[in-house]
Amino acid sequence: MNKLLLAIIIAIMVLSPIYSASTNSGDPGFAITYGETTYNNPSYKNTVINYFESRTNRNLDEANTEVITASEVNKVSKDITGRTYPSDQIFSCAMVDLSNSQGIKVVVDESKITVVTSKMYATALKSTGIESGYVVVTSPVSATGESALTGVMKSYEIAVGTPIPEEAKKAATDELYTESQIADQTGQDPDKIADLFDQVKQEVQEQNLQDPAQIKVIVINIAATLNINLTDEQAQQIADAIANSQKAQSSLTDFKNQLESATQQASDSQGIINQIINYFQGLIDYIMSFI
């Protein structure tokens, strides 16, 4: 019994400073944005928190949080979608964790987000230089998910500590909206349309093109290989959206550099925390061996 007591005291003494050092609020690289309607409704907010908790092992209290307002959504979307949202219609919420440095993983609550898929978000985010991180998108009520991109981008800005240029935000929003429209008009699987955008962007980037006429030729050719029938107008819409995305790339240098640095820091930090957890488990096992 004396040995057991001694082991417990040693464990407490060793772990106390480690634990206090590892628990901090506002963890860099971890951010949550709440739509203002959701944030102001306790029931809605609780629903969203429960979903986020079911999709991460992180403590949500450690996340940097911010509320997305209708004015922020409208600033980006009004000239693209033609829609503006009142303050009681901003439901979508997003969580971003930069500690996932192995590419980008997007989880969408398909029971609430009805139009935009994980792949569509990932494709649009690439237009802002984002190709890594763990993203979760949800809403307390049914929503198309188009306006949620504003919250996702804001979450990245918070996690990175650097704003995404407005030109790039609008290009990404335009791209996502165009994807949604083309998927609806053609009746194609939205992920197949996202594949089309991905492949076109890859070829456009390799050739360093910005001319919509040249991009349109690539759109038509790749659409044919994917068995996607597009009208001339639809091919032009896609070409215009991707051209805008290409033009925005030159403005993203600073954000991309900061994103890379923040991702590395978040990944390293989470690795240390995992080591602490493993160490803690080892001490528990050691203590239990005395019983």
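Residues numbered from 1 in each chain as written. Predicted model: local features only at pLDDT ≥ 70, side-chain atom pairs only at ≥ 80, totals over all residues. Heavy atoms only, no water.

A. Structural detail: the pairing of strand β4 (residues 104-108). As paired elements, β4 and strand β5 (residues 133-138) share five bridges and run parallel to each other. Across the sheet, residue V106 finds its bridge partner in β5, namely V135. Between β4 and its parallel partner β5, the chain crosses via helix α5 (residues 118-126), and the hand of that crossover is left-handed. (Pairing = 2+ DSSP bridges. Helix = DSSP H or I, 4+ residues; strand = E, 2+ residues; numbered from the N terminus. Right-handed = clockwise from strand over helix to strand, strands pointing away.)

B. The arrangement of α5 in detail. By the burial criterion, the buried members of α5 are M120, Y121, A122, T123, A124 and L125. Buried residues along α5 sit against β4, β5, α6 (148-160), α7 (166-186) and α8 (190-207). (Buried < 20%, exposed > 50% of the residue type's maximum accessible area, 1.4 Å probe, protein only. Contact = heavy atoms within 4.5 Å.)

C. Structural detail: the sheet that holds β4. With mixed pairing, five strands are arranged side by side in an open sheet as β2-β1-β3-β5-β4. Each edge of the open sheet is held by one strand with a lone partner, namely β2 (64-68) and β4. Between one strand axis and the next, the sheet turns through 15° on average, direction left out of account. Direction of pairing for strand β1 (residues 30-35) relative to strand β3 (residues 93-97): antiparallel, over a ladder of four bridges. (Axes fitted to C-alpha atoms, helices over the stretch in contact; angles between N-to-C directions.)

D. Quick look at the nonpolar core. Core analysis: the biggest nonpolar cluster contains 35 residues, and L98, Y121, L149, Y156 and F255 have the highest contact counts within it. Of all the secondary structure elements, the ones that give two or more residues to this core are β3, β4, α5, β5, α6, α7 and α11 (253-288). Broken down by element, the residue count for this core peaks at seven residues, all from α6. (Core = buried A, V, L, I, M, F, W, Y, C linked by side-chain atoms within 4.5 Å.)

E. Spotlight on the environment of G35. Residue position: G35 is located in strand β1. On the basis of relative accessible area, G35 is assigned to the buried category, the value being 0%. The sequence separation of G35 and T150 amounts to 115 residues, and the corresponding C-alpha distance is 9.8 Å. Once residues lying within four places of it in the same chain are set aside, the contact partners of G35 are V67, I68, I90, F91, S92 and C93.

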